[in-house]
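Observations on the model geometry
Here is what each chain is made of, one letter per residue.
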There are 2 protein chains.
Amino acid sequence: MRRDELSKVILPEDRMPKFWYNVQADMPNPLEPGLNPQTHKPLTPADLEPIFARELIAQEVSTERFIEIPKAVRQLYKQFRPSPLFRAHNLEKALDTTCRIYYKYEGVSPVGSHKLNSALPQVYFNKMQGIKRITTETGAGQWGTALSLACKQFGLEAMVYMVKVSYQQKPYRRSIMELYGGSCIPSPSTLTASGRRAIEENPDTPGTLAIAISEAVEDALSRDDTNYSLGSVLNHVCLHQTIIGQEVKLQMEMVDDFPDIVVGCCGGGSNMAGIALPFIPDKLAGKKIRLVAVEPAACPTLTKGKFAYDYGDSVGLTPMLKMYTLGHGFTPSGIHAGGLRYHGASPLLSQLYHDALIEAVAVKQNQTFEAAMLFARTESIVPAPESSHAIRAAIDEALKAKEEGVSKTIVFNLSGHGQLDLFSYDKFLAGQTEDIELSKEEIEESLKYLPEV
Amino acid sequence: MRRDELSKVILPEDRMPKFWYNVQADMPNPLEPGLNPQTHKPLTPADLEPIFARELIAQEVSTERFIEIPKAVRQLYKQFRPSPLFRAHNLEKALDTTCRIYYKYEGVSPVGSHKLNSALPQVYFNKMQGIKRITTETGAGQWGTALSLACKQFGLEAMVYMVKVSYQQKPYRRSIMELYGGSCIPSPSTLTASGRRAIEENPDTPGTLAIAISEAVEDALSRDDTNYSLGSVLNHVCLHQTIIGQEVKLQMEMVDDFPDIVVGCCGGGSNMAGIALPFIPDKLAGKKIRLVAVEPAACPTLTKGKFAYDYGDSVGLTPMLKMYTLGHGFTPSGIHAGGLRYHGASPLLSQLYHDALIEAVAVKQNQTFEAAMLFARTESIVPAPESSHAIRAAIDEALKAKEEGVSKTIVFNLSGHGQLDLFSYDKFLAGQTEDIELSKEEIEESLKYLPEV
């Protein structure tokens, strides 16, 4: 295949990776352990078994470099994987750059985002140990959709607590979850003590991912047949997503290329981890490659947060994890990239960021929409607001290279399409999207409430 | 590749067809000529040049078997083509059938449907002769979206007249057209005499495709730099869509299979033509293959209409074409498959249907939604309401084969996804979709107003 003529690189189905890559095998500094929220002692598997499948708990702490993808999961992956790697010829032309820009397109999955990569194995491992029902939270709705579909495919029930503001702004996300057989209710709800408490404290709360997590965990704790599932942050979720970056490496090889810069948007961190972690061994081996996480200026966890132990949810039901955090009580402003509105970042990415193996930048909302518009009008695909953060940074890197008179190979993760986010584009086109940037004072205030360890 | 293990058949990019297949070279009975709406004389190229590009007019009447796809169009096709052919393993299991069911998935195009296959060459040929602006109509919005994107890619202006009821029901279709740089207004509008007349006759009209076509044609006739573009019905549109069926043939070959039954939904006819026409030579050569067009019981053009000359629009600005029609004044009920709400069927398909080379069935709305739900919950993809008609018929064929104790190979065209149609699924899930079937009397009344020739 001649590198500069192709439009997309398709990896043959039989070359789809059969193993997930576990970066814990290669990290120069291992993760600090998660802590039990009551005892503040390092977590034991027994702490997690009330809500997680044993196999997933094992993956959470494994240091095996490669973990096999079960055959049943691979079979379902093949409905949409390997996903295409596109060369952004038209975007390059529009930018008048000599950089080569590629994007890995995860929007080809039937739910329109990368989230199914982890929903399928999570449901599979739960089914294997006899679980009948899974609870979860969802922000913008991508994760809840993926979990609903995965549950349907393996014959389990799905119960999704959806952040209220998104539930109201994106009613069709609920429709699609129900279409896939899942149940979806706005959070905070009156079904759980956590939800009732949140409503009592602030009857008009727009909800947060942290509150929805409390509700879903509480629900799972209350029933023996039910486990809980998280769509980002945790090690096993990042692990499942590494199929993305592994495919990218094989696809780049097919066109005899290798990235100088790998870019992903970053909320909890799953899609960034997915594309970036498989490049960590190359980086450790001395390759000059930059791994760039892009977060919203309105929720700048890595760039402005603190590397500390914090809860994953609002009320302290989840383990405490060592991660970059803005504080578990932080309510991010209602930016349209709902999937990036989370106070913490994955412990794996946090540790790697702390060790300078990955970088992070924060970008403002209108810049991301401008990048998304240029992308849609050149590369045809309407990107999700979350993914548009990666597009923004990829464009900025190409423009910087042009200024410096150099050519770079840039690859970014287009983690999902935006066909269910047209409401947000409407607002942008009407000049009604704000550039919210969190102030130093707000961050300091929010960080006051970190748990003491 | 072992046929019964694969999930999807991917045709390598370099095997993408370089020619469209023109069925006019092989039809046992040639098409009857289109007629000038004023003189009722056979159309000359000069009649069409005020609104169509010369190259497209030539394609309209060509009897060359293969017509080359321009390189610039092929380059843009490669952003989403060849499209995958999926084996519907999970659906087969749910139906407990020994039939092999495949579907060609055109929803991978960035606009989510097959419409871009014709939008790109139409805009290209117009650009080649210096046209700066293109008008069109759109029903559900798929065609208007495709034309807006194609115009953006070739640097032309797009002006879309969207059927009012759809404009109101599907506001995000307008958003996506604007995102791609197109202009979109509800039809009937006050911008044209045709629109003003329609409003005067019935201020509350929901609009029809036929009225929107009148508006778009009138607009194009009024400006020298502007041509008109149609998303279905015409021969050159069907021609462009044949890339679908040609790919299917190559993909079936890759797995050493061949269809007994080919299914497509049918409104104007473009996606049915796309998948079915390339199989006409096989049928003529004696292969036992059935080509089945599926239409809504609420708009049963082939199964209940009359094979006669009729206008393509409501007021008689377009040429008269010999086709199956329910009468150009017919206002189809507001079924959710907006793309199938058209009074006529493509002259090519009409002639082939008349000659018993293709078949047709009509299905009711709720049956199509039931099929769509089963499909989404087994094959994961949420189908467009239009495409769900094809799914319904494919399922029915599989069930019939099971009853008869035979195994068939069935392939259908999944012409688009339904992620922008969740409003319609909501209505179905709430039990609010009707089974409208057109009565004999209504059809007779509507057919009274056919033009005399």
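Residue indices follow the written sequence of each chain, beginning from 1 at its first position. All chains are assigned letters beginning with A, and all ligands numbers beginning with 1, in the order in which they are written. Selection of residues for local features in this predicted model requires a pLDDT of at least 70, selection of side-chain atom pairs for listing and counting requires 80 or more, and totals for whole chains, interfaces and linings are taken over all residues. Derived side-chain values reflect all non-hydrogen atoms in the structure, with water molecules and hydrogen atoms excluded from consideration.

1. Brief notes about the domain arrangement of chain A
Residue and element names in this part refer to chain A. Along its sequence, chain A is carved into domain 1 (3–16 + 80–112 + 244–444) and domain 2 (19–69 + 114–235). Domain extents, as shown, originate in an automatic or database domain assignment. Placing a centre on the C-alpha atoms of domain 1 and another on those of domain 2 gives a separation of 22 Å. Whether two residues are in contact is decided by their heavy atoms: any pair within 4.5 Å suffices. On the domain 2 side, the residues contacting the 52 residues of domain 1 number 54 residues. By buried area we mean how much accessible surface two parts lose on assembly, using a 1.4 Å probe and totalling the loss over both. Roughly 4,300 Å² is buried in total at the junction of domain 1 and domain 2, and carbon and sulfur atoms are behind 64% of that figure. In terms of surface lost to domain 2, no three residues of domain 1 exceed Val111, Leu348 and Leu420, which account for 15% of the buried area on that side. We define a salt bridge as a side-chain nitrogen of Lys or Arg found within 4 Å of a carboxyl oxygen belonging to Asp or Glu. Run the count over domain 1 and domain 2 and you get two salt bridges. What qualifies as a polar contact is a pair of N or O atoms within 3.5 Å, subject to a donor-acceptor requirement within protein and to the restriction that residues adjacent in sequence count only when both atoms come from side chains. Across the contact surface, domain 1 and domain 2 share 17 residue pairs in polar contact (both at pLDDT 80 or more). A helix here means a DSSP run of H or I that spans at least four residues, while a strand means a run of E at least two residues long, and both kinds are numbered starting from the N terminus. Those elements that provide at least two residues to the side of domain 1 that touches domain 2 are helix 11 (235–254), helix 12 (270–276), helix 13 (280–284), strand 12 (306–311), strand 13 (320–325) and helix 15 (347–354).

2. Considering the interface of chain B and chain A
Contact residues are listed per partner, giving 45 residues for chain B and 45 residues for chain A. Of the roughly 3,700 Å² buried between chain B and chain A on both sides combined, carbon and sulfur atoms contribute 50%. If you sort the residues of chain B by the area they bury against chain A, Leu179, Arg377 and Gln419 of chain B come out on top, with a joint share of 20%. Viewed at the interface, chain A and chain B are joined by four salt bridges. Between Arg174 of chain A and Asp426 of chain B there is a salt bridge, with the nearest N and O atoms lying 3.3 Å from each other. Along the contact surface separating chain B from chain A lie 27 residue pairs in polar contact (both at pLDDT 80 or more). Looking at the side of chain B that touches chain A, the elements with two or more residues in it are helix 3 (71–77), helix 6 (142–154), helix 8 (171–179), helix 16 (365–379) and helix 18 (422–429) of chain B. Residue composition of the side of chain B that touches chain A, grouped by class: 22 nonpolar, twelve polar and eleven charged. Ten residue types, Ala, Val, Leu, Ile, Met, Phe, Trp, Tyr, Cys and Pro, are classed as nonpolar, four, Asp, Glu, Lys and Arg, as charged, and the remainder, Gly among them, as polar.

3. Describing the relation of the copies chain B and chain A
Residues below a pLDDT of 70 in either copy are left out; the C-alpha atoms of the rest, at least 70 in both, set the least-squares superposition of the copies. Once turned by 180 degrees and shifted 0.0 Å along the axis, chain B lies on chain A with an RMSD of 0.0 Å. Both copies are brought into coincidence by an operation consistent with a two-fold rotation axis. When the interface residues of chain B are mapped onto chain A, 100% of them are again interface residues, pointing to one common binding face.

4. Concerning the confidence of the model for chain A
For every residue, the predictor assigns a confidence score, pLDDT, that lies between 0 and 100. Mean pLDDT over chain A: 95, with 99% of residues reaching 70 or higher. Reported for the predicted complex are a pTM of 0.94 and an ipTM of 0.92.

5. Regarding the sheet that holds strand 8 (residues 183–187) of chain B
Paired through their backbone hydrogen bonds, the strands of a sheet run either parallel or antiparallel. Residue and element names in this part refer to chain B. Strands are labelled as partners when DSSP assigns at least two bridges between them. Sheet architecture is open: four strands sit in the order 8-7-6-9, paired in parallel fashion. Strand pairing shows two members of the sheet lacking a second neighbour, strand 8 and strand 9 (226–228), which therefore form its edges. Neighbour-to-neighbour, the strand axes of the sheet open up by a mean angle of 25 degrees, direction not taken into account. Bridge count for strand 6 (residues 133–138) against strand 9 is three bridges, and the pairing is parallel. Residue Arg133 lies in a different strand from strand 9, and its bridge partner there is Thr226. Between the N-to-C directions of two axes lies an angle of 0 to 180 degrees, each axis being a line fitted to C-alpha atoms and, for a helix, fitted only over the stretch in contact. Relative to the sheet, helix 6 contacts strand 6 and strand 7 (157–163), its axis offset from that of strand 6 by approximately 165 degrees.

6. Considering the sheet that holds strand 1 (residues 8–9) of chain A
Residue and element names in this part refer to chain A. Spatially, seven strands are ordered 1-4-5-15-10-11-14 in an open sheet, and the strand pairing comes out mixed. The open sheet has two edge strands with one neighbour each: strand 1 and strand 14 (359–363). Alignment of strand 1 against strand 4 (residues 85–87), held across two bridges, turns out to be antiparallel. Pairing of Val9 across the sheet is with Leu85, part of strand 4. Seen against the sheet, helix 16 (residues 365–379) touches strand 4, strand 5 (100–105), strand 14 and strand 15 (409–414) and runs at an angle of roughly 95 degrees to strand 14.

7. Description of unusual backbone geometry
Following Arg81 of chain A, the chain continues to Pro82 of chain A via a peptide bond in cis, the omega torsion being -15 degrees. Structurally, Pro82 of chain A can be placed in the loop between helix 3 (71–77) and strand 4. Residue Pro188 of chain B is bonded to the preceding Ser187 of chain B through a cis peptide linkage, with omega at 5 degrees. If you trace the backbone, Pro188 of chain B turns up in the loop between strand 8 and helix 9 (193–201). You will see that His40 of chain B, though not glycine, has its phi angle at about 60 degrees, which is positive. As for its placement among the helices and strands, His40 of chain B is situated in the loop between strand 2 (19–21) and helix 1 (45–48). Despite not being glycine, Ala356 of chain B has its phi angle at roughly 60 degrees, a positive value.

8. A short note on the nonpolar core
Take the buried residues of types Ala, Val, Leu, Ile, Met, Phe, Trp, Tyr and Cys, join any two whose side-chain atoms come within 4.5 Å, and each joined set is a nonpolar core. Relative accessibility decides the category of a residue: with a 1.4 Å probe and only protein chains considered, values under 20% of the type maximum give buried, values over 50% give exposed, and everything between is partly exposed. If you look at the biggest cluster of nonpolar residues, it comprises 78 residues, and the most contacted ones within it are Tyr77, Leu120, Leu277 and Leu291 of chain B. Looking at this core, the element that brings in the most residues is helix 6 of chain B, giving seven residues. Each residue touching Tyr77 of chain B, except ones within four places of it in the same chain, is listed here: Met16, Trp20, Ile69, Leu116, Asn117, Leu120, Pro121, His240 and Ile243 of chain B. Counting 77 residues, the second-largest nonpolar core is a separate cluster that includes Tyr102, Ala158, Leu352 and Val411 of chain A.

9. Things to note about the packing of helix 16 of chain B against helix 18 of chain B
Residues and elements named next belong to chain B. Where helix 16 meets helix 18, the axes come as close as 11 Å, and the angle between the chain directions of the two elements is 105 degrees. Compared by their axis directions, helix 16 and helix 18 come out roughly perpendicular. Seen from helix 16, the contacting residues are Asn366, Phe369, Glu370, Ala372 and Met373; seen from helix 18, they are Ser424, Tyr425, Phe428 and Leu429. Split by residue class, the contact of helix 16 with helix 18 holds six nonpolar, two polar and one charged. Each angle receives one of four descriptions, namely roughly parallel if under 35 degrees, roughly antiparallel if over 145, roughly perpendicular if within 65 to 115, and oblique otherwise.

10. Some thoughts on the side chain of Gln59 of chain B
Residues and elements named next belong to chain B. Mapped onto the elements of the fold, Gln59 is located in helix 2 (residues 54–61). For Gln59, a relative accessible area of 4% translates into the label buried. One polar contact links Gln59 to His240, side chain to side chain, over a distance of 2.9 Å. Discounting residues that sit within four places of it in the chain, Gln59 has contacts with Trp20, Gln24, Ile67, Phe125, His236, Leu239 and His240.

11. Topic: the packing of aromatic side chains
Stacked, edge-to-face and tilted are the three classes for Phe, Tyr and Trp ring pairs, Trp counted by its six-membered ring, which pair at centre distances within 6.5 Å; planes under 30 degrees apart are stacked, over 60 edge-to-face, the rest tilted. Within the structure shown, the criterion is met by 30 aromatic pairs over all chains. Judged by centre distance (5.1 Å) and plane angle (75 degrees), the rings of Tyr324 of chain B and Tyr353 of chain B are edge-to-face. With Tyr324 of chain B in strand 13 (residues 320–325) and Tyr353 of chain B in helix 15 (residues 347–354), this pair connects stretches of sequence that are 29 residues apart. The buried category is assigned to Tyr324 of chain B, whose relative accessible area is 9%. Aromatic ring contacts, followed pair by pair, group Phe86, Tyr103, Tyr105, Phe375 and Phe412 of chain A into a single cluster. In this analysis the charged atom, NZ for Lys or CZ for Arg, is taken to sit over a ring once it is within 6 Å of the ring centre and within 35 degrees of the ring normal. In this structure, Lys249 of chain A is placed above the aromatic ring of Phe279 of chain A, and the distance from its NZ or CZ to the ring centre is 5.4 Å.

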